[in-house]
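# Notes for the structure review
This is what each chain is made of:
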Amino acid sequence: MKVRNEKEMIELGKVFAQNILHSTTESLVIYLQGNLGAGKTTFSKGFLKGMNFKGLVNSPTYNLIETIETNEFIIFHVDLYRINTLNQILELELHEKPILDKPYLFLIEWPENGGDYILSADLIVNISFNEVMNERLIDIEKLSKKVSKFEDSWIK
């Protein structure tokens, strides 16, 4: 699918999150993949709006992990862009499922920097540049049984 601008990317993230809200109460891991500036954090802003989060959404580039609690989920917005060593990955404990009182969602930007040392994805959102300026191509992959029955009709 094509996204023509920042507003459409935010709307896509919002609709994506609303689909999850109406489809599951299970914990999920979502990888956000794409080059620098592709729109991963912009997608995340829309996603968090779609999860009914009213606060300000910042890129977790320097904090590495932002934790956001909504009525339905605890959301971990993770940015592994600055990760350089295995020790840094292990310190974040992204290889273990958290034990929480409610379901969790991981939105992990730059998951390739975590290698095999982070939780496996249930969904992957691939964002790539298109030939047309500011346009992005979005591909969503379902990788687990938890999401295999998600409706695709909401994706335009």
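Residues numbered from 1 in each chain as written. Predicted model: local features only at pLDDT ≥ 70, side-chain atom pairs only at ≥ 80, totals over all residues. Heavy atoms only, no water.

### Let's talk about the overall build of the protein chain
Note the cut-off: In DSSP terms, a helix is any run of H or I states spanning at least four residues, a strand is any run of E spanning at least two, and both are numbered starting from the N terminus. The quantity called the radius of gyration is restricted to C-alpha atoms. Its globule counterpart is 2.2 Å times the number of residues to the power 0.38. Three exposure classes are used, based on accessible area relative to the maximum for each residue type with a 1.4 Å probe and protein chains only: buried under 20%, partly exposed in between, and exposed over 50%. Residue contacts are counted whenever heavy atoms from the two residues lie within 4.5 Å of one another.
Secondary structure summary: the protein chain contains three helices and seven strands in total. Walking the protein chain from its N terminus toward its C terminus, one meets helices and strands in the order β-α-β-α-β-β-α-β-β-β. Its C-alpha atoms give the protein chain a radius of gyration of 15 Å, near enough to 15 Å, the size a compact globule of 156 residues would have. Seen through its principal axes, the protein chain has C-alpha atoms that stretch 40 × 35 × 30 Å. Across the 156 residues that make up the protein chain, the buried fraction comes to 46%. Of the contacts formed within the protein chain by residues at least 6 apart in sequence, a portion of 66% connects residues at least 24 apart.

### Here's the deal with the nonpolar core
Most often, soluble globular proteins have nonpolar side chains that are buried together. This is how it is decided: The nonpolar core is taken to be a set of buried Ala, Val, Leu, Ile, Met, Phe, Trp, Tyr and Cys residues, with the residues joined through side-chain atoms within 4.5 Å.
Membership of the largest hydrophobic core comes to 27 residues, with the highest contact counts inside it found for Ile20, Ile30, Phe43, Phe47 and Met51. For this core, the elements supplying multiple residues, two or more each, are helix H1 (6–23), strand S2 (28–33), helix H2 (40–50), strand S5 (104–109) and strand S6 (123–129). Sort the elements by how many residues they give to this core and H1 lands first, with six residues. Setting aside residues no more than four positions away along its own chain, Phe43 makes contact with Met9, Leu12, Gly13, Phe16, Leu32, Val125 and Ile127. One finds Val78, Phe106, Trp110 and Ala121 within the second-largest nonpolar core, a separate group that totals 19 residues.

### Structural notes on the environment of Asn84
For clarity, the cut-off: Under the rule applied, a polar contact is a pair of N or O atoms within 3.5 Å (in protein, one hydrogen donor and one hydrogen acceptor; residues adjacent in sequence only if both atoms are side-chain atoms).
Position of Asn84 relative to the elements: it lies in the loop between strand S4 (74–79) and helix H3 (86–92). Residue Asn84 is classed as exposed on the basis of its relative accessible area, which comes to 66%. Each C-alpha atom of the pair Asn84 and Asn113 lies 7.6 Å from the other, and the pair is 29 residues apart in sequence. A polar contact of 3.4 Å, which involves the side chain of Asn84, links it to the backbone oxygen of Arg82.

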